[in-house]
Amino acid sequence: MKLSLVVPCYNEQDNINIFYSETEKVFAGCGFEYEYVFINDGSNDKTMKVLRELYDEKVDSNITIIHFSRNFGKESAIYAGIENSIGDYVALIDADMQQRPEIVLEMLNILDTEPEYDCVTAYQDRRKESSVMTGFKSFFYKLINKLSDIKLYENASDFRVFTRKVAKTIVEVGEYHRFSKGIFSWIGFNTKFVPYEVQERYAGETKWSFTKLVKYALDGITAFSTKPLKLATYTGMLSSFVAIVYLVVVIIQRLFFNVAVSGYATIVALILLIGGIQLFCIGIIGSYLAKTYIQSKHRPIYIAKEILTYKK
Ligand code: UDP
Ligand code: MG
């Protein structure tokens, strides 16, 4: 088996058939063995029905369907797909036709002809979104690259093809809170980045709202950096230093110039400011603690209710 196509699907009922037929056009005549691993990530539309029909239709099937017990998110779906794939190469591709299957073939050719690479990742050439969104994303990449030891390639997507060795390593990184872009960077290996043009979604809507993206970005930062935890130490040191200087000033004013310091408003403002900083820092510690707590339970990354497969 040369290639496994891992396709996460969440409410993609109107995209699956077109995705399948378009992908078949690319791979059916290419002379090597390949398989599909669809993950139904707890969809609440007819996605599973459509997938099951596709599975039943194909007599000589090369399809595996992993049916999650609920929605676990794209990261878990990718994990399950890689874990249940057997190809020498694995491709991650969305079900919504935003990523053309032809590009998978191009990325595969790179791995075939340039053996020094273990992974090929597509990045968006021109982002088709508002300039505010592009600005936020660019800020996120700068921030995470500054805060963490890993380097994230700006605009790199989850659209990638990689070797079995990389796939095996990804599965071994069994952390619960998964941030794939970071994990792929963290494991190392040689990655080639190729530009691609993202297409319009064929049907349905994106599952990413702005708040979800912000949460995802913060998760990414906490997953790969512990620097925010040091924020409390640094702000504490800074405010103590300022306080000591101010204390000296007040004493000198009182002793030598007989100035009594007044200022109810200043005190209230300062109490609120310091209180705010403290709560903010406790919040940061809390979010790391919460992740440690969940991880310590060793819950599975996904739960499959049913796996339909041609593999024996
Ligand atoms: N997806 C998933 N689980 C989720 C959300 C999304 O498996 O909880 C899948 C979705 O079906 C699609 C891919 O992940 O195949 C990318 O999602 P989407 O198109 O919403 O993201 P975008 O392309 O807008 O970044
Ligand atoms: Mg999409």
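Residues numbered from 1 in each chain as written. Chains lettered and ligands numbered in written order. Predicted model: local features only at pLDDT ≥ 70, side-chain atom pairs only at ≥ 80, totals over all residues. Heavy atoms only, no water.

*Asks:* Tell me about the overall build of the chain, and please be specific about residues and values.
*Replies:* Helices and strands together make up the secondary structure of the chain, namely 10 helices and eight strands. Here the C-alpha radius of gyration of the chain, 25 Å, is well above what a compact globule of 312 residues would show, namely 20 Å. When the backbone C-alpha atoms are referred to their principal axes, the chain occupies close to 95 × 40 × 35 Å. A sequence separation of at least 24 residues applies to 82% of the contacts in the chain between residues at least 6 apart. Carbon and sulfur atoms make up 62% of the accessible area of the chain, which amounts to about 17300 Å² in all. Charge centroids of the chain, computed over 36 positive and 35 negative side chains, lie 9 Å from each other. (Helix = DSSP H or I, 4+ residues; strand = E, 2+ residues; numbered from the N terminus. Rg over C-alpha atoms; globule rule 2.2 N^0.38 Å. Contact = heavy atoms within 4.5 Å. Areas by Shrake-Rupley, 256 points an atom, 1.4 Å probe, with all protein chains shown as cover. Lys, Arg positive; Asp, Glu negative; His and termini not counted. Charge placed at Lys NZ, Arg CZ, Asp CG, Glu CD.)

*Asks:* Go over the packing of helix H5 (residues 131-147) against helix H8 (residues 210-224), please, and point to the residues and values.
*Replies:* Where H5 contacts H8, the two axes come as close as 10 Å, and the packing angle between them is 10°. By the angle between their directions, the pair H5 and H8 is classed as roughly parallel. Of the residues in H8, those touching H5 at Met 133, Phe 136, Lys 137, Phe 140, Leu 143, Ile 144 and Leu 147 are Phe 210, Leu 213, Ala 217, Gly 220 and Ile 221. (Axes fitted to C-alpha atoms, helices over the stretch in contact; angles between N-to-C directions. Parallel < 35°, antiparallel > 145°, perpendicular 65-115°, else oblique.)

*Asks:* Now, about the sheet that holds strand E8 (residues 304-309): what can you tell me, with residues and values included?
*Replies:* In spatial order, the strands read E7-E5-E6-E4-E1-E2-E3-E8; together these eight strands make up an open sheet with mixed pairing. The open sheet is flanked by strand E7 (191-196) and E8, the only strands paired with a single partner. In this sheet, adjacent strand axes meet at a mean angle of 20° when their direction is disregarded. One ladder, built from four bridges, connects strand E5 (residues 119-124) with strand E6 (residues 156-163); its direction is antiparallel. Following the sheet pairing, Tyr 123 is matched in E6 by Ala 156. Strand contacts of helix H6 (residues 164-172): strand E1 (3-9), strand E4 (89-92) and E6, with the helix running at about 115° to E6, the strand carrying the most contacts. (Pairing = 2+ DSSP bridges.)

*Asks:* Would you mind going over the site of ligand 1 in detail, with residue names and values included?
*Replies:* Close contacts around ligand 1 come from 16 residues, with Glu 12, Asp 41, Asp 96, Thr 206 and Lys 207 the closest. Thr 206 places a polar side-chain atom, nitrogen or oxygen, 2.6 Å from an oxygen atom of ligand 1. Here Lys 207 contributes a backbone N or O atom positioned 2.7 Å from an oxygen atom of ligand 1. The class makeup of the residues in the shell around ligand 1 is five nonpolar, four polar and seven charged. (Near = heavy atom within 4 Å. Polar contact = N/O pair within 3.5 Å; in protein donor to acceptor, adjacent residues only side chain to side chain. Nonpolar A, V, L, I, M, F, W, Y, C, P; charged D, E, K, R; others polar.)

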